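Chain residues, written in single-letter form:
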Amino acid sequence: MAAYWVDILAIGFFVLEWTVYAITLEHTAYGRDSLSARMNVYREVWVRRMLDREARMVDMQIMGALQNGTAFFASTSLIAVGGALALLRATNEALAVLGALPIDLKTSPALWEIKCVGLILIFVYAFFKFAWSYRLFNYVSILLGAMPPVEQRDTAEAEAHVIRTTRLFEAAGRHFNRGQRAFFFALGYLGWFISPWVLFVTTAAVVIVTWRRQFASNAWRAMG
């Protein structure tokens, strides 16, 4: 263990940064001003305006596009899991390639396999998030189909339906965001295959890029 203290610190830093970023974005007052939080406002606006429309085919087409995008990412997650499993199986070949490089990137077979297992777990987590998000979008589609007619838009039943639909809609978006976040951090995790010092840098880079998109991007300012 003493020989791998830098690796332990690097992966601890990776997990800590991911956890702190996720908690800050989803469970703090600061996170309630993020781009995702601002978009949640318009999810409710969309659902409420549906009550004023008799024809809702366009709304269902938009929902279908959201489902297709989620399904694409879920399928990509499974492909990524397969690639990570192939990387785990090719441990000896990978170590031979690293040993032939002009810079010292040698690592033990056990540590290489641990790195591969960690990558597999990240992609499995992403798949579960995307798959659950896809299921939630299906439920939202059902609720949109059950939207009260225009003449009942001012009733208590219509208001309750808007609230439950919006909450389920937000949950679907939240799980989709978690799956995408796992993809981003998986890219940072790849730095560990080079060096634990590189993992420090790539993790920090991922946090900076994702934070900027949520709190300082042109899209964030446009939704302000």
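Residues numbered from 1 in each chain as written. Predicted model: local features only at pLDDT ≥ 70, side-chain atom pairs only at ≥ 80, totals over all residues. Heavy atoms only, no water.

S.K.: In this structure, what is going on with the overall build of the chain? I would like to understand it.
M.R.: Scanning the chain from terminus to terminus reveals 8 helices and 0 strands. Starting at the N terminus and ending at the C terminus, the chain contains elements arranged as α-α-α-α-α-α-α-α. Expected size for 224 residues packed as a compact globule is a radius of gyration near 17 Å; at 22 Å, the chain overshoots this value by more than 25%. Each principal axis of the C-alpha distribution contributes one length, and for the chain these read about 75 × 35 × 30 Å. Evaluated residue by residue, the chain yields a buried proportion of 40% over its 224 residues. A separation threshold of at least 6 residues defines the contact pool for the chain, and within that pool the share at least 24 residues apart is 80%. (Helix = DSSP H or I, 4+ residues; strand = E, 2+ residues; numbered from the N terminus. Rg over C-alpha atoms; globule rule 2.2 N^0.38 Å. Buried < 20%, exposed > 50% of the residue type's maximum accessible area, 1.4 Å probe, protein only. Contact = heavy atoms within 4.5 Å.)

S.K.: Hey, could you run me through the pattern of salt bridges in this one?
M.R.: Two side chains bearing opposite charge may form a pair once their charged atoms approach each other closely. Following the criterion strictly, the structure yields 7 salt bridges and no others. The salt bridge partner of Arg181 is Glu26, with a shortest N-O separation of 3.3 Å. Placement of the pair is Arg181 in helix α6 (residues 156–189) and Glu26 in helix α1 (residues 5–27), with a sequence separation of 155 residues. For Arg181, a relative accessible area of 7% gives the class buried. In this structure, a network of salt bridges that share partners links the residues Glu26, Arg178 and Arg181. (Salt bridge = Lys/Arg side-chain N within 4 Å of Asp/Glu carboxyl O.)

S.K.: Just checking my understanding: could you explain the packing of α1 against α6 for this structure?
M.R.: For any two helices packed against each other, one specifies the crossing angle of their axes together with the interaxial distance. For the pair α1 and α6, the least separation of the axes is 12 Å and the interaxial angle reads 155°. By the angle between their axes, α1 is roughly antiparallel relative to α6. At the point where α1 passes α6, the crossing takes the right-handed sense. Residue-level inspection shows Ile11, Phe14, Glu17, Trp18, Tyr21, Ala22, Leu25 and Glu26 of α1 in contact with α6, the latter providing Arg174, Arg178, Arg181, Ala182, Phe185 and Tyr189. For the contact of α1 with α6, the per-class residue count stands at 9 nonpolar, no polar and 5 charged. (Axes fitted to C-alpha atoms, helices over the stretch in contact; angles between N-to-C directions. Parallel < 35°, antiparallel > 145°, perpendicular 65-115°, else oblique. Left-handed = near helix turned anticlockwise from the far one by under 90°. Nonpolar A, V, L, I, M, F, W, Y, C, P; charged D, E, K, R; others polar.)

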